[in-house]
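Examining the three-dimensional arrangement
Residue-level listing of the chains:
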Amino acid sequence: MKEIKAAEWKANPFTAIGKEWMLITATKDGVTNTMTASWGGMGVMWGSDVVYVFIRQSRYTKEFIEGSDSFSLTFFPESQRKNMAYIGSTSGRDEDKIAKTGLHVVMDGDTPYFEEAHTAVLCTKWSKHPIKMDDMPEDVRERWYGDGDWHDMYIGRIEKILVKE
Ligand SMILES: Cc1cc2nc3c(=O)[nH]c(=O)nc-3n(C[C@H](O)[C@H](O)[C@H](O)COP(=O)(O)O)c2cc1C
């Protein structure tokens, strides 16, 4: 893969994240877990290029992000859609999702990403922000948090963007 600068990244976040989805992946104590996400963003914060991801309390991947200093976002060709749907509907607590999909983990230092991705965004975990129930409209709270499984927002400082040549 070839490294590009954030300013050269052609992705439209509304389609890349919202429609095509991404995997959020982290490694803790030598074990890697991943989940599908379609909420999040990319932008600029504290003078750096960053991504924002939103992870519910119940996700096993959260434990890996908490236990690591970094994580990646990976974006895939349409041919991986079925695997992404599976990774987004099964927990790594119950199955070895990565083995089942046949995806291959590549490590860049301590940060995992997938060989099959067309784009990998490698991030330092920079900060964590609980999404507070009190601060949101009631209809949002009822629609998305009826079960109390709230999101934490993590800001990742982009260290490297790799794209398939
Ligand atoms: C299309 C799609 C988008 C998703 N987006 C998110 C998201 O942005 N945040 C989140 O916490 N869960 C999201 N999920 C749910 C997780 O991917 C799912 O619960 C997954 O099984 C968690 O796996 P884990 O327990 O191994 O971490 C999404 C699932 C799908 C299928």
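Okay, so let's go over this structure. Note that the coordinates shown come from a computational prediction; the quantities given were computed from them, not determined experimentally.

**What about the side chain of Gln80?**
Along the polypeptide, Gln80 turns up in the loop between β6 (70–75) and α3 (81–87). Owing to a relative accessible area of 13%, Gln80 belongs among the buried residues under this scheme. At 2.7 Å, the side chain of Gln80 forms a polar contact with the side chain of Asn83. If sequence neighbours within four positions are ignored, Gln80 has contacts with Leu103 and Glu116.

**Re the nonpolar core**
Counting 23 residues, the largest nonpolar core has Ile24, Val53, Phe71, Leu73, Phe75 and Val121 as the members making the most contacts within it. Listing elements by their share of this core, those giving two or more residues are β2 (22–28), β3 (31–37), β5 (48–56), α2 (60–66), β6, β9 (119–130) and β10 (151–163). Looking at this core element by element, the count peaks at four residues for β10. Excluding anything up to four places from it in sequence, Ile24 contacts Asn33, Thr34, Met35, Ala37, Val53, Ile55, Thr61, Ile65, Phe71, Ser72 and Leu73.

**Side note on the pairing of β6**
Regular strands show a simple pattern: their side chains alternate between the two faces of the sheet. With six of six residues buried, β6 is to be regarded as a mostly interior element. Neither face of β6 is left uncovered, since the one carrying Ser70, Ser72 and Thr74 and the one carrying Phe71, Leu73 and Phe75 both have all their residues buried. Bridge count between β2 and β6: three bridges; the pairing is antiparallel. Its bridge partner lying in β6, Thr25 is registered against Ser72. Bridging between β6 and β9 involves six bridges; their strand directions are antiparallel. Note that in β9 the partner of Thr74 across the bridge is Ala120.

**Describing the site of the ligand**
Neighbouring the ligand are 20 residues, the closest being Thr36, Thr61, Thr90, Ser91 and Gly92. Within the backbone of Gly92, an N or O atom sits 2.7 Å from an oxygen atom of the ligand. The protein chains hide 85% of the 650 Å² of surface that the ligand would expose on its own. Those elements that provide at least two residues to the shell around the ligand are β3, β5 and α2. For the shell around the ligand, a count of residues per class yields eight nonpolar, nine polar and three charged.

**Side note on the packing of aromatic side chains**
Within the structure shown, the criterion is met by five aromatic pairs. Taking the centre distance of 5.9 Å and the plane angle of 70 degrees together, the rings of Trp9 and Phe75 count as edge-to-face. Highlighted residues: Trp9 in the loop between β1 (2–4) and α1 (13–16) and Phe75 in strand β6, separated in sequence by 66 residues. With a centroid separation of 4.8 Å and 80 degrees between ring planes, the pair formed by Tyr60 and Phe64 is classed as edge-to-face. Here Phe64 and Tyr60 lie together in helix α2, a separation of four residues that amounts to about one turn. Stacked on the ring of Phe64, the Lys or Arg Lys28 has its end atom at 6.0 Å from the ring centre.

Cut-off values and rules
Residues numbered from 1 in each chain as written. Predicted model: local features only at pLDDT ≥ 70, side-chain atom pairs only at ≥ 80, totals over all residues. Heavy atoms only, no water. Helix = DSSP H or I, 4+ residues; strand = E, 2+ residues; numbered from the N terminus. Buried < 20%, exposed > 50% of the residue type's maximum accessible area, 1.4 Å probe, protein only. Polar contact = N/O pair within 3.5 Å; in protein donor to acceptor, adjacent residues only side chain to side chain. Contact = heavy atoms within 4.5 Å. Core = buried A, V, L, I, M, F, W, Y, C linked by side-chain atoms within 4.5 Å. Pairing = 2+ DSSP bridges. Near = heavy atom within 4 Å. Areas by Shrake-Rupley, 256 points an atom, 1.4 Å probe, with all protein chains shown as cover. Nonpolar A, V, L, I, M, F, W, Y, C, P; charged D, E, K, R; others polar. Phe/Tyr/Trp six-rings, centres within 6.5 Å; stacked < 30°, edge-to-face > 60°. Lys NZ or Arg CZ within 6 Å of the ring centre and 35° of its normal.

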